[in-house]
Amino acid sequence: MQRNTWRTSSRSGSNGQCVEVRDRGAGVDVRDSKAPEAGLLSFTPAAWDAFVHTVKTNTCRP
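Here's a quick rundown of the structure. Being a predicted model, the structure only gives us computed values, none of them experimental.

This part covers the pattern of salt bridges. Side chains that differ in charge, positive against negative, can pair when their charged atoms come close. Taken as a whole and judged by the stated rule, the model has four salt bridges. Across the pair glutamate 20 and arginine 31 runs a salt bridge whose closest N-O atoms are separated by 2.7 Å. Placement of glutamate 20 in strand S2 (residues 19-23) and of arginine 31 in strand S3 (residues 28-32) is noted, with a sequence separation of eleven residues between them. Close ionic contact of aspartate 32 with lysine 34 constitutes a salt bridge, the shortest N to O distance being 3.1 Å. We classify lysine 34 as exposed; its relative accessible area is 54%. Put simply, Arg22, Arg24 and Asp29 are held in one network by salt bridges that share partners.

Structure follows, in structure tokens:
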């Protein structure tokens, strides 16, 4: 992931529900692409890696 550049998640669909991610090196930020001025969530690199690993290895259950 390129540093300090917002990118749309590869998992975002065409229905307008998009998440953008930015790698700052010292952390990772996540925001809603439809309302970027609404704020963002910031994660440490370790927390982001743990989150991504969990999402990739678990399936959603209804």
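Alright, that's what it looks like, and here's the rest.
On to the packing of aromatic side chains, then. A full pass over the atoms with the stated rule returns three aromatic pairs. For the pair phenylalanine 43 and tryptophan 48, a centre-to-centre distance of 5.6 Å together with 50 degrees between the ring planes defines the contact as tilted. A relative accessible area of 13% means that tryptophan 48 is categorised as buried. Here the aromatic rings of phenylalanine 43 and phenylalanine 51 are separated by 6.3 Å at their centres, their planes lie at 15 degrees, and the arrangement is stacked. Among the residues examined, phenylalanine 43 registers a relative accessible area of 25% and is labelled partly exposed. Relative accessible area serves as the criterion here: at 43%, phenylalanine 51 is assigned to the partly exposed category. An aromatic cluster is present here, built from Phe43, Trp48 and Phe51 joined pairwise through their rings.

Each value, and the rule that gives it
- Residues numbered from 1 in each chain as written.
- Predicted model: local features only at pLDDT ≥ 70, side-chain atom pairs only at ≥ 80, totals over all residues.
- Heavy atoms only, no water.
- Salt bridge = Lys/Arg side-chain N within 4 Å of Asp/Glu carboxyl O.
- Helix = DSSP H or I, 4+ residues; strand = E, 2+ residues; numbered from the N terminus.
- Buried < 20%, exposed > 50% of the residue type's maximum accessible area, 1.4 Å probe, protein only.
- Phe/Tyr/Trp six-rings, centres within 6.5 Å; stacked < 30°, edge-to-face > 60°.

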